[in-house]
Amino acid sequence: MRILVTGGCGFIGSNFIRYLLSCHPEHEIINLDKLTYAGNLHNLEGISGHPNYRFVQGDIAESSVLEPVFEGKIDGVIHFAAESHVDRSIEDAMAFVHTNVVGTYQLLNFAKRYKVDRFLHISTDEVYGELGSRGTFTEDSPIKPNSPYAASKASSDLMAKAFFRTHHLPVIITRCSNNYGPYQFPEKLIPLMITRAMQDLPLPVYGDGQNVRDWIYVMDHCEALVRVFFEGKEGEIYNIGGDGERTNLQVVNAILDYMGKPRSLITFVKDRPGHDFRYAMDYTKIKKALGWEPKVLFEEGIRGTVDWYRNNRSWWESILNGTYRAVGSVNTGPEK
Ligand SMILES: NC(=O)c1ccc[n+]([C@@H]2O[C@H](COP(=O)([O-])OP(=O)(O)OC[C@H]3O[C@@H](n4cnc5c(N)ncnc54)[C@H](O)[C@@H]3O)[C@@H](O)[C@H]2O)c1
């Protein structure tokens, strides 16, 4: 099978490509990535020479980029490419509309035109909005996004569903909770806290730190995606959760404790506007239908993640000091 993976140089996409090539080396992978500030070619070092892997730099919203890729015959699409940071979407959501809405529409359109056999659209629990202190999201929960990021992802989910219903495009949607693990860009909560703690810098925590997220180790997510892509049912939505509900403060404390750093590094800062209180996923459907459930406990995953950032200091330092700059990136650090 020839599989187009979009956004494969980002956090989840790069972990996914590495995993897919290790368990299904017979499939051919084309990784289409624009290399925005979040895309990093170093995330796939060691893979670039694989005989069944090819990288194409380009924007999923551009027909001139998609045309030659689809002309080469694509059997399946796994769509990760997105603008993904809520805080950036609050500052300016134009890039989110461009990639998450227009880009997804373009991909769906090309997939329809070239009759792909499967289109896996990767989405997020954030499309459901927020929960109070009880309850969980099921696949039937209403879509009630709050941040511009979540609204752009919800728009792309609705367009993907419409292409299934109207055009019979074989779409499947997954909605996953918060991921953590190796290669996550150091603007997101867990790598931000780890890398700042490693430098003995203050750790900014929004509000009172009581917002709750369900954390899933990235490899558990990747395993679920492989299961859904090959065995899932067209037209369905599958929730993916980690059984890892923690307040932000509990997450930061766990990191500091494992690193042997003082909790006095924590500084509470003004809350994020529109900050969702809690997300929690009911993943009964994927468990019953496909036999998937998360394996990595939060405590184990967080230790592995801290160790990875310790052992790969040059990876994140080169991002923070601007010496890594992706080709075509908006990260305008000095190039050396
Ligand atoms: N990180 C999470 O916790 C999480 C949870 C649930 C779902 N998701 C979803 O998973 C997907 C991947 O998330 P991530 O955390 O790996 O994101 P990321 O920001 O780390 O990576 C995004 C990748 O997409 C690429 N990209 C951006 N715009 C593009 C464009 N116009 N054309 C081609 N490539 C483009 C970037 O260069 C980057 O490599 C996203 O769709 C996100 O909504 C993420």
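Keep in mind that what you see is a predicted model, and the values were worked out from it rather than measured.

Visitor: How would you explain the sheet that holds strand β11 (residues 245–247) if you had to name every residue and give the values?
Guide: Spatially, β7-β9-β11 is the arrangement adopted by the three strands of the open sheet, whose pairing is mixed. In this open sheet, the two strands that pair with only one neighbour each are β7 (178–180) and β11. Pairs of neighbouring strands in the sheet enclose a mean axial angle of 50 degrees, with direction left out of account. Two elements, strand β9 (residues 212–217) and β11, share three bridges in a ladder whose sense is antiparallel. Within the sheet, the bridge partner assigned to R213 lies in β11 and is R246. The strands touched by helix α7 (residues 218–231) are β7 and β9; relative to β9, the strand with the most contacts, the crossing angle is about 70 degrees.

Visitor: Before we move on, can you summarise the pattern of salt bridges with the specific residues and values?
Guide: Considering all chains together, one arrives at 18 salt bridges under this definition. Two residues, D59 and K34, come together in a salt bridge whose shortest N-O distance is 3.3 Å. Here D59 is found in the loop between β3 (53–57) and α2 (63–71), whereas its partner K34 is found in the loop between β2 (28–33) and β3, with 25 residues between them in sequence. For K34, a relative accessible area of 34% gives the class partly exposed. Across the pair K287 and E293 runs a salt bridge whose closest N-O atoms are separated by 3.5 Å. For K287, a relative accessible area of 40% corresponds to the partly exposed category. Taken together, the salt bridges that share partners define one network made up of K233, E236 and K285.

Visitor: Provide a residue-level description of unusual backbone geometry, including the pertinent values.
Guide: Phi is positive for H168, close to 60 degrees, though the residue is something other than glycine. Assignment of secondary structure puts H168 in the loop between α5 (148–167) and β6 (171–176). On the accessibility criterion, H168 (63% relative accessible area) is exposed. Positioned with a positive phi, D200 is a non-glycine residue whose angle comes to about 55 degrees. Relative to the elements of secondary structure, D200 occurs in the loop between α6 (189–198) and β8 (203–206).

Visitor: Tell me about the site of the ligand, residues and numbers included.
Guide: As a matter of local geometry, the ligand sits amid 28 residues, with I12, D33, S84, Y149 and K153 nearest to it. Between the ligand and the protein, one listed contact pairs an oxygen atom with a side-chain N or O atom of Y149 at 2.6 Å. K153 places a side-chain nitrogen or oxygen 2.6 Å from an oxygen atom of the ligand. Those elements giving two or more residues to the shell around the ligand turn out to be α1 (11–23), β5 (118–124), α5 and β7. With three residues, β5 is the largest single contributor of residues to the shell around the ligand.

Visitor: Break down the sheet that holds β3 for me, citing the residues and quoting the values.
Guide: In spatial order, the strands read β3-β2-β1-β4-β5-β6-β10; together these seven strands make up an open sheet with parallel pairing. Edge positions in the sheet fall to β3 and β10 (237–240), since each has one partner strand and no second. This sheet shows a mean twist of 20 degrees between the axes of neighbouring strands, independent of strand direction.

Visitor: Would you mind going over the side chain of S14 in detail, with residue names and values included?
Guide: In this fold, S14 is placed in helix α1. From its side chain, S14 meets the backbone oxygen of G10 in a polar contact 2.6 Å long. Aside from chain neighbours lying at most four places away, what touches S14 is G8, C9, N43, L44 and Y183.

Visitor: Tell me about α5, and name the residues and values.
Guide: Compared with an ideal rise of 1.5 Å per residue, which puts 20 residues at 28 Å, α5 spans 28 Å between its outermost C-alpha atoms and is within 8% of the ideal. Within α5, the full set of buried residues consists of Y149, A150, S152, K153, A154, S156, D157, A160 and F163. At its buried positions, α5 is contacted by α3 (86–91), α4 (94–113), β5 and β6. The positive-phi residue at the C-terminal boundary of α5 is H168, with phi of around 60 degrees.

Visitor: Give me the lowdown on the packing of α4 against α5, citing residues and values where you can.
Guide: At a closest axis distance of 8 Å, the pairing of α4 and α5 adopts a crossing angle of 15 degrees. Judged on the interaxial angle alone, α5 and α4 are roughly parallel. Handedness of the crossing formed by α4 with α5: right-handed. Contact residues: F96, N100, V101, T104, Y105, L108, N109 and K112 in α4; Y149, S152, K153, S155, S156, M159, A160, F163 and H167 in α5. Split by residue class, the contact of α4 with α5 holds eight nonpolar, seven polar and two charged.

Rules used throughout
Residues numbered from 1 in each chain as written. Predicted model: local features only at pLDDT ≥ 70, side-chain atom pairs only at ≥ 80, totals over all residues. Heavy atoms only, no water. Pairing = 2+ DSSP bridges. Helix = DSSP H or I, 4+ residues; strand = E, 2+ residues; numbered from the N terminus. Axes fitted to C-alpha atoms, helices over the stretch in contact; angles between N-to-C directions. Contact = heavy atoms within 4.5 Å. Salt bridge = Lys/Arg side-chain N within 4 Å of Asp/Glu carboxyl O. Buried < 20%, exposed > 50% of the residue type's maximum accessible area, 1.4 Å probe, protein only. Near = heavy atom within 4 Å. Polar contact = N/O pair within 3.5 Å; in protein donor to acceptor, adjacent residues only side chain to side chain. Expected span 1.5 Å × (residues − 1). Parallel < 35°, antiparallel > 145°, perpendicular 65-115°, else oblique. Left-handed = near helix turned anticlockwise from the far one by under 90°. Nonpolar A, V, L, I, M, F, W, Y, C, P; charged D, E, K, R; others polar.

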